[in-house]
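Examination of the molecular architecture
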Amino acid sequence: MNLEPVVEIVRLEESAQGTFGALRVNKQVLCVTLEPPDRLNERNTSCIPAQQYRCARTVSPRFGETFTVQDVPGRSQVIFHGGNTVADTQGCVLLGERFAPPGAARGVQDSKRALAAFLDALRGHDGFHLTIHQHY
């Protein structure tokens, strides 16, 4: 039996440069995350509310194979994808291997590799539950 993975985003920091966190699969950190700052769930410019969601495998015309976060109140097309700074997301979740070093523009780095690792970790699954925790 192929059990559904446990996927979580643990948000660690929030500033004007974005909402930064870690994505865990089955309690192990897989990569880091970047979302827009909290702007009260405003479409295209805010992180999504911290709660539980269902995610489903999808193919984005722009980003290819990924997962979409379903049933975000007042929002649609919230997906996981590559990118480096908050300018690269319109309310989606960017994945990276690490945070940009101090002194650089705040963001995440090596997003293509992080996205590939995310998809690899979820191979064989068409969906999963996502829990977002805030720790700031």
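Residues numbered from 1 in each chain as written. Predicted model: local features only at pLDDT ≥ 70, side-chain atom pairs only at ≥ 80, totals over all residues. Heavy atoms only, no water.

Another aspect to go through is the environment of H81. Residue placement: H81 occurs in strand β6 (residues 78-81). Sequence separation between H81 and A116 is 35 residues, and the spatial gap between their C-alpha atoms is 9.8 Å. Setting aside anything within four residues of it in sequence, one finds H81 in contact with F63, D88, T89, C92, V93, L94, L95 and L115. (Helix = DSSP H or I, 4+ residues; strand = E, 2+ residues; numbered from the N terminus. Contact = heavy atoms within 4.5 Å.)

This next bit is on the pairing of strand β5 (residues 64-70). Relative to β5, strand β4 (residues 52-60) runs antiparallel, the two sharing seven bridges. Paired with S60 across the two strands is G64, which belongs to β5. Here β4 hands over to β5 after three residues, the two strands then running antiparallel side by side. Looking at chain direction, β5 and β6 are connected through two bridges and run antiparallel. Across the sheet, the residue bridging to T68 is I79, located in β6. (Pairing = 2+ DSSP bridges.)

What follows deals with the pattern of salt bridges. The tally for this structure, following the rule as stated, stands at 10 salt bridges. E4 is paired through a salt bridge with R54; the nearest N and O atoms lie 2.9 Å apart. A residue pair is termed long-range when its members are at least 10 positions apart, and E4 in the segment before β1 (6-15) and R54 in strand β4 qualify at 50 residues. For E4, a relative accessible area of 35% translates into the label partly exposed. For R54, a relative accessible area of 29% translates into the label partly exposed. R113 serves as the salt-bridge partner of E97, at 3.0 Å between the closest nitrogen and oxygen. (Salt bridge = Lys/Arg side-chain N within 4 Å of Asp/Glu carboxyl O. Buried < 20%, exposed > 50% of the residue type's maximum accessible area, 1.4 Å probe, protein only.)

Interpretation in functional terms is not warranted from these geometric data alone.
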